[in-house]
Amino acid sequence: MRIVTSHRNTDFDALASIVAATVIYTDSVPVIPRQVNPNVKPFLSIHKDLFNFKTPEEIDLEGVTGLVVVDINKWERLGRLRELRGKKDLEIFLWDHHEGPGNIDSTWSCQETTGANITLMIRRLKAEKKVIHPIQSTLFLAGLYEDTGNLTFPSTTAEDALAAAY
């Protein structure tokens, strides 16, 4: 089983990136920590029936063969799922927009500095001509706007604006 996850205190960018990863990796299971950002709780409460999110406690770690990590590059922030560290034959894909080195040794990575992680994911979705449903699009834009301050933060890039336009 391949799972997709992000950091504890999951914000909209992380949640959007988890959902985007399930569109890219269609065989993956989205796993979100029990602890999410207070801004995210109402969204999940209203839309929980539209997504098939699991918690880390619902995952049999022995059965995990693939791990997609989004919006983070450090094992310490993965909560219970950090127990996968060092697991033999674990294929790890990493998507992260933060500067600086991490300690997740991935099989493949897309690590570039952008204002929001979902920007990197949108690039791939667009290139692969993936179908994005309206609720996914709404979530992606919420993640992008939250991490870029509605495209006003100094860390915002031109690619963030192009992703919002898409």
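All of the points below concern the structure found in this document. Predicted model, so just to flag it, every value in this text is computed and none were measured. (Residues numbered from 1 in each chain as written. Predicted model: local features only at pLDDT ≥ 70, side-chain atom pairs only at ≥ 80, totals over all residues. Heavy atoms only, no water.)

1. Observations regarding the nonpolar core
- Judged by nonpolar contacts, the single largest core of 33 residues is most densely connected at W95 and I118.
- Looking at this core, the elements with two or more residues in it are α1 (12-24), α2 (40-47), β3 (66-70), β4 (91-96), α3 (117-127) and α4 (134-148).
- Ranked by residue count, the leading element in this core is α1, at nine residues.
- Aside from chain neighbours lying at most four places away, what touches I118 is D13, A16, S17, A20, F140, G143 and L144.
- Counting 16 residues, the second-largest nonpolar core is a separate cluster that includes L67, W75, L78 and L90. (Core = buried A, V, L, I, M, F, W, Y, C linked by side-chain atoms within 4.5 Å. Buried < 20%, exposed > 50% of the residue type's maximum accessible area, 1.4 Å probe, protein only. Helix = DSSP H or I, 4+ residues; strand = E, 2+ residues; numbered from the N terminus. Contact = heavy atoms within 4.5 Å.)

2. Re the packing of aromatic side chains
- In the structure shown here, the tally under the stated rule is six aromatic pairs.
- Ring geometry for F12 and F43: centres 5.8 Å apart, planes at 80°, overall edge-to-face. In this pair, F12 is assigned in helix α1 and F43 in helix α2, connecting sequence segments 31 residues apart.
- A relative accessible area of 11% places F12 in the buried class.
- Members of the aromatic cluster, each reached through a chain of ring pairs, are F12, F43, F51 and F53. (Phe/Tyr/Trp six-rings, centres within 6.5 Å; stacked < 30°, edge-to-face > 60°.)

3. A short note on the side chain of D71
- Mapped onto the fold, D71 is located in the loop between β3 and β4.
- No salt bridge is formed by the buried D71. Its closest oppositely charged neighbour is R77, at 7.0 Å.
- Side-chain polar atoms of D71 contact the side chain of H97, separated by 3.0 Å.
- If sequence neighbours within four positions are ignored, D71 has contacts with S6, H7, D11, D13, A14, W95, D96, H97, H98 and N117. (Lys, Arg positive; Asp, Glu negative; His and termini not counted. Salt bridge = Lys/Arg side-chain N within 4 Å of Asp/Glu carboxyl O. Polar contact = N/O pair within 3.5 Å; in protein donor to acceptor, adjacent residues only side chain to side chain.)

4. Quick look at the environment of Q136
- Here Q136 lies in helix α4.
- Judged by its relative accessible area of 11%, Q136 is buried.
- It is 7.7 Å that separates the C-alpha atoms of Q136 and A20, two residues lying 116 residues apart in sequence.
- With near-sequence residues (within four places) excluded, Q136 lies in contact with V19, V23 and V131.

5. As for the pattern of salt bridges
- Throughout the structure, instances matching the rule amount to eight salt bridges.
- Here D27 makes a salt bridge to R2, at a shortest N to O gap of 3.2 Å. With D27 in the loop between α1 and β2 (28-30) and R2 in strand β1 (residues 2-5), this residue pair connects regions lying 25 residues apart in the sequence.
- Overall, R2 belongs to the buried group, its relative accessible area being 17%.
- The partner of E91 in a salt bridge is R2, and the shortest N-O contact between them spans 3.8 Å. Highlighted residues: E91 in strand β4 and R2 in strand β1, separated in sequence by 89 residues.
- On the accessibility criterion, E91 (33% relative accessible area) is partly exposed.
- A single salt-bridge network, built from bridges that share partners, covers R2, D27 and E91.

Purely geometric numbers; function is a separate question.
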